[in-house]
Amino acid sequence: MTAALGPVGVGFRSRRRIPVTIVVCLAVLAVALLAVLLGPLLFPDATEQDILSSLMPAGSPGHPLGTDELGRDILALTVAGAASALVGPVCVAVGSMLLGILLGTLAGYERGPLDFAISRWTDLLLALPVLLAAIVVSGVFGGGYWTTVALLILLFSPSDIRIVRAGVLEQAARPYIEAAQMLSLSRWRVMFRHILPNVSSLVITNAMLNVAFALVAFSSLSFLGVGVPPGTADWGRQLTDNRAIMFDNPAAVIVPAVLIIAVACCVNLVGDWLGQRLTRSGGLA
Amino acid sequence: MTGIDVAIDGIDGPTGPMVAAVAFGIEPGASLALIGESGSGKTLTAKSLVGLLPNGFVARGVLRVDGRAHPLDATDASWRRVRGREVSLLLQDPFTSLSPVHRCGPQIAWTLEAQAGRRLPKRELDLAVAKRLAEVNLPARVARAYPHELSGGMRQRVAIAAALASDPRLLIADEPTTALDASNQAEILDLLRALQIERGMAMLLISHDLGLVRGRTDDVLVMRHGEVVERGATATVLSSPEHAYTRALIAADPVLAIEADRHDRPDRPDRPDRPGDALGHGADIGVSGRIPLISATGVVKRFGLRTVLDGVDLSIAPGQVVGVVGESGSGKSTLARCIAGLEREDGGSIVFDGRPLAPGRRSRTPEQMQIVFQDPYSSLNPMMTIGAILREALAVGGRRPEEVPALLELVGLPADAAAKRPAQLSGGQRQRVAIARALAPRPRLLICDESVSALDVQVQAQILDLLGRLRDELDIAILFISHDLAVVRRIADTVTVVWQGRVVEHGTCAQVLDEPSEDYTKLLVAAARRDSTGRTTVA
Amino acid sequence: MLAVRVLGTAAILFVLSIIVFSMLHLAPGDLVKTLLGTRPASPEAVAAIREQYHLDDPLPVQYLRWLGGVLSGDLGESIRLQTSVSDAIAARLGLTLALCGLAFAIALAVGVPLGVQSAVRAGGVLDRAGTTLGVIGLSAPTFAVGLLLLYVFAYYLPIFPVYGGGRGPLDTLYHLVLPAVTLAAGLGAIVLKLTRTAMLRELDADYVTSARARGIPESRTRRLALRNAAIPIVTGASLLLTFLVGGTVLAETTYALPGLGTLLQDSVLFKDLAVVQALTLLVALVIAMIALLADLAYLMLDPRVRAQGGAA
């Protein structure tokens, strides 16, 4: 998702002027994407336990980053954990963006009772902090990885709905929309051909930032033991499992922690930069 | 050596040069008007003289105040010694130029303390603030008011008091009355003129309105596209302008246009089938037996508790141009929007070609009527190419996409404009595209809602010519909404004057604008004259 | 205007209370077993539970009874701790409040001045450093920051204690420093961003240009802008609160502090529903109240709104 967005959103005209920071960030994200794609192939048995080689420090032969209490290789576990740590957040951001586009556009353009209902719904969801709601619901009702993804989509969607709705409201008052109405164009055509492209920069920027927030939320949930079942290769899960052995093999904690921070920062920076570019150029064009 | 001497070598922006070399001098106790439309560089010129250009803009040159030279590209630290004491700036909008969360008194007091260079005792400060307020004819209690508690005119007086509290040698007033209504405009300008003479201070008055500065400044400088096109004594420039642009500005001035028009009105072919010219009053339903194209009867529209239209009648014959004039808030645009179906009227009836139309867009077809809006920058979808915009409109009218070049030619645009996006076109070109889009479904009525108000005067004239030509070629009826009497006079056959949601007068252009019979119309015409001459010419 | 806000808040709290109440009935598994917890499920015990929780009444009656209990301070029994829920909360409230207060103070003390300076010298070294720190603070999950700080300051350079809440006020404060700094990293980043954005906009406003143009010193102009910027900063407080709630749970878990956050986590994992219900409701109530307070502060800070509010 992140790597695919780069070229689409940026265009080729001013490729040379991409700042160094952003190039570095894109490189980090590309490596993370590789880990997601190749992780299962490179380390198909990363979660296999081997009590004999438990708790080896970093730099041990055959285990460059050492092993954890259950004898699992940290390097293999970390590479294999990328998928669990990253796929969910991207799905959350995309799902919440689609929900936001649909409900936000309807609320902003149709107004009336539909708008009222959708707006109250977002008010209600926004009254609860995402993490708290996710902990409580996931924890009490159980559910696995994809249930957590669905739950987070629901909890993330209010911000998307609000952003799209505000954008649509702003656009709908503009004369070009009234001109489209004068041509008696269908409401779907007005909404999705005329208005949506003009709010797309807002939507895409917010989706990028949501990837970062969802990454944080997801790893927080797995750190708290909710959302990702025990034994799964996942960065957040690794942190909570290895907290006790932090002083025996620091790499077991530091590597996944730094990776989470780095990927979240890179997504945030690329999102911010993309947002600025899109607002400056007036859209995707 | 006294007075102000300005020598700007140029002002550069992020995208290139914005203002070319400008030089002028102002004697102490004299005033200079800097005239130009938006984008002429006049505001950049003003800001460069206080060292407050926006980020990315650089000015080169020197400002001399009583012989003391201040380079325009000096550091912010050295500008701080110049601002206030030597030069002060009065901004356009009194609604934003005062801090909304502070009372007025302290905002004046800060200037006083900045000049004194120390904190002043409260009593002394209160007295000084009261004195400054008295100077701009405000009572001392205004000091305790928040800006939002004052009217626009009063706020601008507070802003003047604050700007003058440092006793500057030069006051730059950047469009000081543009945000105010007509009655306040003259008062504020006269106050500025009086203060400037009284204090022996130099004043640079920046405005887009030539008429406004007549009798209020000694000299005038006309700028266009960052260059000075004409300069001289105000009276001379107004009576015998040399540059074509200055002449266009004067032509756009309501009173001069009306006076000139009376003598040499362009000949139009006689068109007896257009009832407006011949019939004037009551030229409504078929005196000549013809059904009007559209007739609105007793239209009422309320926004909440406010009644915007209070029983308005209007009718337009096929091929006729009807002007609707009125001040902002008179309801003229709402009337147009009700007819177009963009607003739903609360009462009355609108009949198109003999068939009544229910309120709203659903009952109307694109072939009946189209509208051209005021702002050419927001009336085209920025994400679509001109070609895509026109193809969509042609498709609605059942026409083929191959007709795009012909449509562009009709409105005077080159065929290659189709590949461009709105951002690549000028305001006038965009308005031509908007007209082309409106014409695509072959509507029988074209509604122009302040369609030329946002344009440069020369472009305004071109668009009016285009509309006149289209009316003759396509035999299309036009409903022309404007606040500008001069513009309406140039295009309309009949004029309807709207005031507070009611029609106060209706007739041919000549009847209504030259010999108005209703008091309000007389007032409107008179206001246009006073506005542009500084004195009332109609007894 | 305020009356509408109060009514809206009340409505949201009402709906949330219904959701929280239903949690007990919607949770998977047998309700009685959940309520019994670790006690043996003898027929007598089951009957006692049904009696105690009035499970044979219609749901609306059960809800009203539960709501009445909540409003009079009876939040039920914790099956895990074998005490009343109010006691369990009261015992841990102090620590969480101290943690949040300390984190808040650090975040404000660092975030506001840094935000102002970043805006004043936008594009400068300090601004770029501040922006970078802000992005890291916003992106880094609280627990990841916590674990890294723990490693550096409790192990590598052993200055601070590793785990626990400490004994006595001074020792507690000492134990709270690292968790508070951890929490403040994210909070401070939000404060920094809010302040910088608001200040940038205000410094660009006409009244600042006008003040500069009449020679008013930069220090005064800056205070003028900050006073105006206070309005958007305070309205952004709800963002801080949302972050704080999740962050507290994570920070307390990371540092094994016996506060409300760990209470929530343990109760969720143990399915100790009475505690989860009470804490969820408590958080919703606090957030609603703070949002209302932020509105009130907005009223105090903006004379324009004050005038309208007085009239309405």
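Predicted model, so just to flag it, every value in this text is computed and none were measured.

Definitions and cut-offs
Each chain carries its own residue numbering, running from 1 in the direction its sequence is written. Here the convention is simple: chains get letters from A, ligands get numbers from 1, in the order in which they are written. Where totals are concerned, whole chains, interfaces and linings use all residues; where local detail is concerned, this predicted model gives features only for residues with pLDDT of at least 70, and gives and counts side-chain atom pairs only at 80 or more. Based on all heavy atoms of the structure, the side-chain values leave hydrogens and waters out of the count. Note on conventions: DSSP H or I runs of at least 4 residues are helices, E runs of at least 2 residues are strands, and numbering of each starts at the N terminus. Any pair of residues with heavy atoms lying within 4.5 Å of one another is described as a contacting pair. Only the protein chains shown count as cover for residues, and all accessible areas are computed by the Shrake-Rupley method using a 1.4 Å probe. UniProt positions are given in the numbering used here, feature names are shortened, and annotations may be inferred rather than shown by experiment. Two strands qualify as a pair provided that DSSP identifies no fewer than 2 bridges between them. The angle between two axes is taken between their N-to-C directions and runs from 0 to 180 degrees, where each axis is a line fitted to C-alpha atoms and a helix contributes only its stretch in contact. By buried area we mean how much accessible surface two parts lose on assembly, using a 1.4 Å probe and totalling the loss over both. Any Lys or Arg side-chain nitrogen found within 4 Å of a carboxyl oxygen on Asp or Glu counts as a salt bridge. For the purposes of these results, a polar contact is taken to be a pair of N or O atoms within 3.5 Å, where, inside protein, one atom must be able to donate a hydrogen and its partner to accept one; residues adjacent in sequence count only when each atom of the pair is a side-chain atom. Oblique is the label for every angle not falling under 35 degrees (roughly parallel), over 145 degrees (roughly antiparallel), or within 65 to 115 degrees (roughly perpendicular). Throughout, a crossing is termed right-handed when the near helix is turned clockwise from the far one, and left-handed when it is turned anticlockwise from it by less than a right angle. Lys, Arg, Asp and Glu make up the charged group, whereas Ala, Val, Leu, Ile, Met, Phe, Trp, Tyr, Cys and Pro make up the nonpolar group; the residues left over, Gly among them, are polar. The span one expects for a helix is its residue count, reduced by one, times 1.5 Å. Bend is the name given here to the angle between axes fitted to two runs of seven residues, the run ending at a residue and the run starting at it.

## Observations regarding the overall build of chain C
So, point 1. Helix and strand content of chain C: 14 helices and zero strands.
So, point 2. Counting from the amino terminus, helix and strand elements in chain C follow one another as α-α-α-α-α-α-α-α-α-α-α-α-α-α.
So, point 3. Here the C-alpha coordinates of chain C stretch approximately 85 × 60 × 35 Å along the principal axes.
So, point 4. Across chain C, the fraction of contacts at a sequence separation of at least 24, relative to all contacts at a separation of at least 6, is 71%.
So, point 5. Of the accessible surface of chain C, which amounts to about 14,200 Å², a share of 70% is contributed by carbon and sulfur atoms.

## A look at the UniProt feature "domain: ABC transmembrane type-1" (unreviewed entry) in chain A
So, point 1. The sites that carry the UniProt feature "domain: ABC transmembrane type-1" (unreviewed entry) are, in the present numbering, residues 86-271 of chain A.
So, point 2. End-to-end, the C-alpha atoms of residues 86-271 of chain A are 16 Å apart, and along that stretch the chain is 83% helix and 0% strand.

## Section: the sheet that holds strand β7 (residues 87-90) of chain B
All names here are of chain B.
So, point 1. Overall, mixed pairing links the six strands, which are arranged β7-β8-β9-β4-β10-β11 in an open sheet. Since the sheet does not close on itself, it has two edges, and those belong to β7 and β11 (227-233), each with one partner. Strand-to-strand twist of the sheet, defined as the mean angle between neighbouring strand axes without regard to direction, takes the value 15°.
So, point 2. By the bridge criterion, five bridges tie strand β8 (residues 170-174) to strand β9 (residues 202-207) in an arrangement that is parallel. The residue of β9 that forms the bridge with isoleucine 172 is leucine 204.
So, point 3. Of the strands in this sheet, β7 and β8 touch helix α5 (residues 152-164), which is tilted by about 170° from β7.

## Describing the UniProt feature "transmembrane region" (unreviewed entry) in chain A
So, point 1. Per the UniProt record, the feature "transmembrane region" (unreviewed entry) sits at residues 20-43, 74-104, 124-156, 195-218 and 251-271 of chain A.
So, point 2. The span residues 74-104 of chain A is 100% helical and 0% strand by assignment, and the distance between its end C-alpha atoms comes to 43 Å.

## Structural notes on the interface of chain B and chain C
So, point 1. On the chain C side, the residues contacting the 28 residues of chain B number 22 residues.
So, point 2. For the pair chain B and chain C, the summed buried surface comes to about 2,100 Å²; carbon and sulfur atoms form 63% of the total.
So, point 3. Run the count over chain B and chain C and you get one salt bridge.
So, point 4. With a closest N to O distance of 2.8 Å, arginine 220 of chain C and glutamate 113 of chain B form a salt bridge.
So, point 5. Remark: the boundary between chain B and chain C carries seven residue pairs in polar contact (both at pLDDT 80 or more).

## Points about the pattern of salt bridges
All names here are of chain B.
So, point 1. For the structure shown, the criterion picks out 35 salt bridges over all chains.
So, point 2. Across the salt bridge formed by arginine 469 and glutamate 473, the nearest N and O atoms sit 3.2 Å from each other. Here glutamate 473 and arginine 469 lie together in helix α16 (residues 457-474), a separation of four residues that amounts to about one turn.

## Section: the packing of helix α7 (residues 142-156) of chain C against helix α8 (residues 168-203) of chain C
Residues and elements named next belong to chain C.
So, point 1. Across the interface, α7 lies against α8 with an axial gap of 9 Å and an inter-helix angle of 140°. Here α8 runs oblique to α7, going by the angle between their axes. Pair α7 / α8 crosses with right-handed handedness. Each of Thr142, Val145, Gly146, Leu149, Leu150 and Phe153 in α7 lies in contact with α8, whose residues at this interface are Leu178, Val181, Thr182, Leu183 and Ala185.
So, point 2. Class assignment for the residues of the contact of α7 with α8 results in eight nonpolar, three polar and no charged.

## Focus: helix α3 (residues 74-110) of chain A
So, point 1. The end-to-end C-alpha separation of α3 of chain A is 53 Å, in line with the 54 Å expected for 37 residues at 1.5 Å each.
So, point 2. Within α3 of chain A, the axis deviates most sharply at glycine 81 of chain A, by approximately 30°.

## Some words on the interface of chain C and chain A
So, point 1. The partner chain A presents 37 residues to the 43 residues of chain C that form the contact.
So, point 2. For the pair chain C and chain A, the summed buried surface comes to about 3,600 Å²; carbon and sulfur atoms form 83% of the total.
So, point 3. Linking chain C with chain A are zero salt bridges, by the criterion used here.
So, point 4. The interface formed by chain C and chain A contains five residue pairs in polar contact (both at pLDDT 80 or more).
So, point 5. Elements that contribute at least two residues to the side of chain C that touches chain A include exactly α1 (2-26), α6 (125-139), α7, α11 (237-255), α12 (260-270) and α13 (273-301) of chain C.
So, point 6. Ranked by the residues each element gives to the side of chain C that touches chain A, the list is headed by α7 of chain C, at eight residues.

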